[in-house]
Amino acid sequence: MSVLSKSYGTLALYVVIGAILGGLLGELLSGVDALSSLMPYLKNPYPVINVVPSVIDIYVISLTVGFSFSPNLMSIIGVVIAVWIFRHT
């Protein structure tokens, strides 16, 4: 099956799941003593996008809107593996 015949929604789902599983794996591996010197680099978040939260207050409703994207290296590795799995399934 060609990659072009697969939907972008499925790819987005793979990427999100890969990022979440990569981040969780990084948290689980943080307790391993053999990786203690490497884990700060794998778990440290790298801010890519940081939109400062804005508050809209109209007396009845208060709405706060902001966005932050700070992946860590384990999440990026998870995304790469997820895309590889997507291409080979």
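Residues numbered from 1 in each chain as written. Predicted model: local features only at pLDDT ≥ 70, side-chain atom pairs only at ≥ 80, totals over all residues. Heavy atoms only, no water.

A look at the pairing of strand E1 (residues 49-57)
And then number 1: Burial analysis of E1 places just 0 of its 9 residues in the buried class, which makes it a mostly uncovered element.
And then number 2: Two strands pair when backbone bridges link them, and E1 and strand E2 (residues 62-69) are joined in this way by 7 bridges, in the antiparallel orientation. Considered in E2, the bridge of Asp57 is made with Ser62.
And then number 3: Hairpin remark: E1 followed by E2, antiparallel, with 4 residues in the connecting loop; positive phi at Tyr59, about 70°. (Buried < 20%, exposed > 50% of the residue type's maximum accessible area, 1.4 Å probe, protein only. Helix = DSSP H or I, 4+ residues; strand = E, 2+ residues; numbered from the N terminus. Pairing = 2+ DSSP bridges.)

Things to note about the layout of surface pockets
And then number 1: Counted as a void, the largest pocket has a volume near 160 Å³.
And then number 2: Around the largest pocket sit Tyr14, Ile17, Gly18, Leu21, Gly22, Leu25, Met74, Ile77, Gly78, Ile81, Ala82 and Ile85, which together line it.
And then number 3: Mapped onto the lining of the largest pocket, the elements with two or more residues apiece are helix H1 (8-29) and helix H3 (73-87). (1 Å grid on protein atoms, 1.4 Å probe; cavity = no way out; pocket = protein on both sides within 12 Å on 5 of 7 lines; lining within 4 Å. Points joined across faces, edges and corners; volume = space filled by probe spheres on them.)

Quick word on the side chain of Asn72
And then number 1: Structurally, the position occupied by Asn72 is in the loop between E2 and H3.
And then number 2: According to the relative accessible area criterion, Asn72 is buried, its value standing at 11%.
And then number 3: Within the local environment of Asn72, its side chain forms a polar contact with the backbone nitrogen of Ser75, the two atoms lying 2.8 Å apart.
And then number 4: Sequence-distant contacts of Asn72, defined by excluding residues within four places in its chain, comprise Gly23, Leu42, Lys43, Asn44, Pro45 and Tyr46. (Polar contact = N/O pair within 3.5 Å; in protein donor to acceptor, adjacent residues only side chain to side chain. Contact = heavy atoms within 4.5 Å.)

Focus: a nonpolar patch on the surface
And then number 1: Taken together, Leu38, Tyr41, Tyr46, Leu73, Ile76, Ile77, Val80, Ile81, Trp84 and Ile85 make up a surface patch of nonpolar side chains, about 940 Å² in accessible area.
And then number 2: The element contributing the most residues to the nonpolar patch is H3, with 7 residues.
And then number 3: Locating Trp84 in the fold gives a position in helix H3. (Patch = residues over 30% accessible without salt bridge, like charges linked within 9 Å, V, L, I, M, F, W, Y side chains within 5 Å. Areas by Shrake-Rupley, 256 points an atom, 1.4 Å probe, with all protein chains shown as cover. Salt bridge = Lys/Arg side-chain N within 4 Å of Asp/Glu carboxyl O.)

Looking at the packing of H1 against H3
And then number 1: Where H1 meets H3, the closest approach of the two axes is 7 Å, and the angle between their N-to-C directions is 140°. It follows from the interaxial angle that H1 and H3 lie oblique. Two packed elements cross with a definite hand, and for H1 against H3 that hand is right-handed. Here H1 contributes Thr10, Leu11, Tyr14, Val15, Gly18, Ala19, Gly22, Gly23, Leu25, Gly26 and Leu29 to the contact with H3, which in turn contributes Met74, Ser75, Gly78, Val79, Ala82, Val83, Ile85 and Phe86. (Axes fitted to C-alpha atoms, helices over the stretch in contact; angles between N-to-C directions. Parallel < 35°, antiparallel > 145°, perpendicular 65-115°, else oblique. Left-handed = near helix turned anticlockwise from the far one by under 90°.)

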